[in-house]
Amino acid sequence: MAEAADFQGTTPSPARRWLRRSGALLAGAPLLAGLLQLPAGAATQTSARDASGAGSVSVALDSLSPSAPTDGDTLTVSGTVTNNGKQPVTGAHVGLRVGPEISTRSGIDDIARSSDNVQGASGPEVGGKYAEKFAKLTPGVAEHFSISVPVDKLDLGGDGIYQFAVALSGQTTAQPWVQTLGVQRTFLPWQAEGADTKTKTTFLWPLVSTVHLTAETGPNDQQTPVFLNDDLAKEISPGGRLDEMLTLGEGLDVTWVLDPDLIASVDAMARSYKIKNEDGTTTVGTHQAVAKRWLDELQKAVTDQEVVALPFADPDLASLAHNGTGVTGSLNHLNEATDVAATTVRTVLHVTPATDFAWPVDGAVDPSIVKVATSAGADKVIVRSDSLQETGGLPYTPSAARPIGGGTTAVVADARLSTAFQGDLTTASSSTLAVQRFLAQSLALNAQSDKQRSIVVAPQRMPTTSQAQAMADALSALQSGNWSQTQKLSAAAKAKPDPGATTRLPSASAYPSALRRQELPRSAFEQIARTQDTLGNFKVILTNDARVVTPFGRAMNRDMSTSWRGRASAAEDFRSSVENHLGELTRQVELIDKSDTKLSGRSATIPVTVRNNLVQGVQHLVLRLTSTSPNRLKIGDYAFDEQPITVSGGHSQTVKFTTTAKANGQATVVAQLYTQDGQKYGDPVSFDVKVTEFTATVMLVIGGGFLLLVLAGFRMYTQRKRAARRAEENGPDDEPGEADEEPENPESPAARLTEESGTDARAGDPQQPSDPTPDTAVESTDPSATGERVDR
């Protein structure tokens, strides 16, 4: 206003400008003070909201019993509250709150995702004496609570699923008013009386483990098995994962899903066995009693129960479909694994399992996986509903059975129920929440329709001990509840399909990328194929091929196991150990190296030795000796010759080949073993033969010398005859004079040859070169050296 009063075009004086500025400062001082104070207050309120939204006190719901109450029950809730803030909480109390009914399965999912958010609605508190008070909650200290309340005090309405919360209220010095500082929401299934229509529920109870047995066995008649480690003994010992699975499953009405490899491994452990050490040595196993006890308990548990046997070692169907079908022989291993499954379970457990079910990992399928699964005789494939998703707009969850063409039935497991027990359930609170969510989803599914449906639950293949305990708790509550009844898997597969249910398989591109990254690569199946080729050549020469075919056949099944997912390095090590051990065994039947040989004369024999360090005999082998220079040295009548070979276990055999020299010089000879079908066996052995055949000049000299010997002998004969006639003519009294005898000429060639040879004329026959001394015995009867390898 002062500035407005100034005349336009003039400049205010310095005094007037100072007065105006001072007045403005005085007038704005209160406003400035307010502005300076506003951020602090706003920050305090924001901090309070953040603390409230985050839940400064954590609430753990450790138990809720019964999980699915009915009329007349008393609900007991227990757990702990922990002050995670920096200030003590005073005037605190834990109360129970019942929220509105949840009508959809997706609504259950939404609440589960924000179960500890204090900002969400939790419903009114039950109030009264059904609360527990705490005068003070010290930061970082957990306080236990337990509240029991009759169900009729919860004011539940009709049958359904209700949101149920445990909340802690209190105040702090920073927030001096009573407010909710922590909450834990869960679900309360309420079915007061038996439902008009009950869902038929099939729960798969899997007994599956990782690979434990190697391809190695002992040299004795029992072929003592060798284990990778002692982990299996830990799993089946009291408190172990598999022991808990067995103990918990005994009291439940479930369909047992077994990996025959696990059953065979425990059965092997029940007898003499060894554990392989990191340095390659072995240690004698000592858990036979544990294995026998576990098998006995399992046999009792599965008696009169439905048992499904997976193919031996639970082969990875998806890996085989995506990466293995292009490798020759891969599908044959799946067929063998299926064929041996029923025999293994029946032999050990004395029950006959179903073998017509295939279970791809996580129930994820595409057309190629289904094709591979059914190629081995399985006409029912266990799929999960998040893979075979509904597109028909059904207002309810359809029954599990779906015809997908070609006489194949997809048995679709419910994804929400099947995945309810995944993740970390080691705490009592996480386990309790998983159980309540499972029951809520089951009841919500039943309430979707008055039509009775068959539902299948296929949990993870290898649940942890805590996951198995939560599964058992949920299943016990479900089987004692009022809305579900148990059903066998075979019955679920035969149930009448819903007409509107999806039967179209997802495309290969829809297969989850996370699962695809865990698959066995093509190189794995190529390595298995190499091992199979080696085994095929090896078994035909053995007198008892079962000692090798059985352990290595099962080892190749284990090469393809689903349990290798996520363990690529361990899988590669196992495959290599199988291949290398088989190579070591095949090399126990070998040709002994030969040094270079000299051959004098027109013909001679060459000995070659085959050594067998196996504990069993070999047969159906052919040893071929080939001359690379047949114009200089012939083997038999041609460039090569061959002879059949049979060698006892731990012995050697030497065979001789006739050779003929055609010219002087050096010839390379190659010895090679073959199977009877013409396949090379083992490495060849090469050696040089130096031929020193007699030349024509030498033969002429020898012939001339021989002729001189003959002539000299003839002359001596004629001289003696003449001397005899003269003696007859002179009479008996006449002594022949020395002059009458004609002495032999000491310089004659015949005399010299006789003198030089040191023999008389009758030994003048031409000498034949003898066969060279064999470098090995015809057959050694000595026992094999210690440390000999075993052929299994």
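Residues numbered from 1 in each chain as written. Predicted model: local features only at pLDDT ≥ 70, side-chain atom pairs only at ≥ 80, totals over all residues. Heavy atoms only, no water.

Trainee: I'd like a description of the nonpolar core, backed by residues and values.
Mentor: The biggest cluster of nonpolar side chains holds 75 residues, and the ones touching the most others in it are Phe538, Leu623 and Leu625. With 6 residues, helix 16 (residues 522–539) is the single largest residue contributor to this core. Not counting residues within four places of it along the chain, the set of residues in contact with phenylalanine 538 comprises Val548, Leu582, Leu585, Thr586, Leu614 and Tyr681. Residues Ile108, Leu242, Ala270 and Leu425 belong to the second largest nonpolar core, which totals 68 residues. (Core = buried A, V, L, I, M, F, W, Y, C linked by side-chain atoms within 4.5 Å. Buried < 20%, exposed > 50% of the residue type's maximum accessible area, 1.4 Å probe, protein only. Helix = DSSP H or I, 4+ residues; strand = E, 2+ residues; numbered from the N terminus. Contact = heavy atoms within 4.5 Å.)

Trainee: Describe the side chain of serine 122, listing the residues and the values that go with them.
Mentor: By the secondary structure assignment, serine 122 is in the loop between helix 3 (105–113) and strand 4 (131–137). Separated by 3.1 Å, the side chains of serine 122 and arginine 185 make a polar contact. The residues contacting serine 122, other than those within four sequence positions of it, are Arg97, Val98, Gly99, Gln163, Ala165, Val183 and Arg185. (Polar contact = N/O pair within 3.5 Å; in protein donor to acceptor, adjacent residues only side chain to side chain.)

Trainee: Any chance you could break down unusual backbone geometry for me, citing the residues and the numbers?
Mentor: Here the residue pair serine 65 and proline 66 is connected by a cis peptide bond, since its omega of -5° sits within 30 degrees of zero. Here proline 66 lies in the loop between strand 1 (57–65) and strand 2 (74–83). Positive phi is not limited to glycine here, since aspartate 362 has a value of about 55°. By the secondary structure assignment, aspartate 362 is in the loop between strand 15 (357–358) and helix 10 (367–375). Positive phi is not limited to glycine here, since histidine 620 has a value of about 60°. In this structure, histidine 620 sits in strand 24 (residues 618–627).

Trainee: How would you sum up the packing of helix 6 (residues 260–269) against helix 9 (residues 330–349)? Please name residues and give values.
Mentor: Describing two packed helices takes the angle between their axes plus the distance from one axis to the other. Between helix 6 and helix 9, whose axes approach to 9 Å, the crossing angle comes to 40°. Classed by the angle they form, the pair helix 6 and helix 9 counts as oblique. Crossing hand, helix 6 versus helix 9: left-handed. The residues of helix 9 that touch helix 6, namely those facing Pro260, Ile263, Ala264 and Asp267, are Ala341, Thr344, Val345, Val348 and Leu349. Taken together, the residues that form the contact of helix 6 with helix 9 break down as 7 nonpolar, 1 polar and 1 charged. (Axes fitted to C-alpha atoms, helices over the stretch in contact; angles between N-to-C directions. Parallel < 35°, antiparallel > 145°, perpendicular 65-115°, else oblique. Left-handed = near helix turned anticlockwise from the far one by under 90°. Nonpolar A, V, L, I, M, F, W, Y, C, P; charged D, E, K, R; others polar.)

Trainee: If you had to explain the confidence of the model for the protein chain to someone new, which residues and values would you point to?
Mentor: Model confidence for the protein chain is summarised by a mean pLDDT of 86, while 84% of its residues fall at 70 or above. In the model, residues 1–54 has pLDDT below 50 throughout and makes 20 contacts with residues more than four positions away in sequence or in other chains. The low-confidence segment residues 733–792 (pLDDT under 50) makes 77 contacts with residues lying over four places distant or belonging to another chain. (pLDDT = per-residue confidence, 0-100.)

Trainee: Just give me the short version of the sheet that holds strand 1, but keep the residues and values in it.
Mentor: Sheet architecture is open: 3 strands sit in the order 1-2-5, paired in antiparallel fashion. This sheet does not close on itself; its edge strands, each paired only once, are strand 1 and strand 5 (142–150). Between one strand and the next, the sheet's axes are offset by a mean angle of 20°, whatever the strand orientation. By the bridge criterion, 9 bridges tie strand 2 to strand 5 in an arrangement that is antiparallel. (Pairing = 2+ DSSP bridges.)

Trainee: Explain the environment of threonine 214 to me, and be specific about the residues and the numbers.
Mentor: Note that threonine 214 resides in strand 9 (residues 213–217). Taking relative accessible area as the criterion, threonine 214 reaches 11% and is therefore assigned buried. On a C-alpha basis, the gap between threonine 214 and arginine 554 in space is 9.3 Å, while along the polypeptide they are 340 residues apart. Leaving out residues up to four positions away in the same chain, threonine 214 has contacts with Val226, Phe227, Leu228, Arg558 and Phe574. Here the side chain of threonine 214 touches glutamate 216 through a polar contact of 3.1 Å, landing on its backbone nitrogen. There is a polar contact of 2.8 Å between the side chain of threonine 214 and the backbone oxygen of valine 226.

Trainee: Describe a nonpolar patch on the surface, and please don't skip the residues or the numbers.
Mentor: A cluster of nonpolar side chains, Phe706, Leu707, Leu708, Val710 and Leu711, forms an exposed patch at the surface whose accessible area comes to about 450 Å². When its relative accessible area of 43% is taken as the criterion, valine 710 is described as partly exposed. (Patch = residues over 30% accessible without salt bridge, like charges linked within 9 Å, V, L, I, M, F, W, Y side chains within 5 Å. Areas by Shrake-Rupley, 256 points an atom, 1.4 Å probe, with all protein chains shown as cover. Salt bridge = Lys/Arg side-chain N within 4 Å of Asp/Glu carboxyl O.)

Trainee: Before we move on, can you summarise a negative patch on the surface with the specific residues and values?
Mentor: Residues Asp71, Glu101, Asp152, Asp155, Asp159 and Glu193 make up a contiguous surface patch of negative charge. The residue aspartate 159 is located in the loop between strand 5 and strand 6 (160–171) in this model. (Lys, Arg positive; Asp, Glu negative; His and termini not counted. Charge placed at Lys NZ, Arg CZ, Asp CG, Glu CD.)

Trainee: Can you explain empty space enclosed by the protein? Please cite residues and give values.
Mentor: According to the stated counting rule, one finds 4 cavities of 30 Å³ or more in the structure shown. Of the voids in this model, the largest cavity is the one considered here, and its volume is about 60 Å³. Contributing to the lining of the largest cavity are Pro311, Leu317, Leu334, Thr338, Thr355, Phe357, Ala358, Ala373, Ala376 and Ala378. Taken together, the elements giving at least two residues each to the lining of the largest cavity come down to helix 9 and strand 15. Considered class by class, the residues forming the lining of the largest cavity number 8 nonpolar, 2 polar and no charged. (1 Å grid on protein atoms, 1.4 Å probe; cavity = no way out; pocket = protein on both sides within 12 Å on 5 of 7 lines; lining within 4 Å. Points joined across faces, edges and corners; volume = space filled by probe spheres on them.)

Trainee: Residue-level account of the sheet that holds strand 13 (residues 282–284), with values.
Mentor: Spatially, 9-10-12-13 is the arrangement adopted by the 4 strands of the open sheet, whose pairing is mixed. Of all the strands in the sheet, the pair left with one neighbour each is strand 9 and strand 13. Pairs of neighbouring strands in the sheet enclose a mean axial angle of 35°, with direction left out of account. Inspection of the sheet shows strand 10 (residues 225–227) paired to strand 12 (residues 274–276) by 2 bridges, in the parallel sense. Note on strand 12: the bridge partner recorded for valine 226 is lysine 274.

Trainee: Can you tell me about the packing of aromatic side chains, naming the residues and giving the values?
Mentor: For the structure shown, the criterion picks out 6 aromatic pairs. When the ring of phenylalanine 203 is compared with that of phenylalanine 438, the centres are 6.3 Å apart and the planes differ by 65°; the resulting orientation is edge-to-face. Here phenylalanine 203 is found in strand 8 (residues 199–207), whereas its partner phenylalanine 438 is found in helix 12 (residues 428–446), with 235 residues between them in sequence. The residues phenylalanine 203 and phenylalanine 438 share a single accessibility class, namely buried. Taken together, a centroid distance of 5.2 Å and an interplanar angle of 40° make the contact between phenylalanine 421 and phenylalanine 438 tilted. Separated by 17 residues along the polypeptide, phenylalanine 421 in the loop between helix 11 (415–418) and helix 12 and phenylalanine 438 in helix 12 bring together distant segments of the chain. Every member of this aromatic cluster is reached through a ring pair, and the members are Phe203, Trp205, Phe421 and Phe438. Here lysine 380 stacks its cationic end above the ring of phenylalanine 357, 5.3 Å away from the centre of that ring. (Phe/Tyr/Trp six-rings, centres within 6.5 Å; stacked < 30°, edge-to-face > 60°. Lys NZ or Arg CZ within 6 Å of the ring centre and 35° of its normal.)

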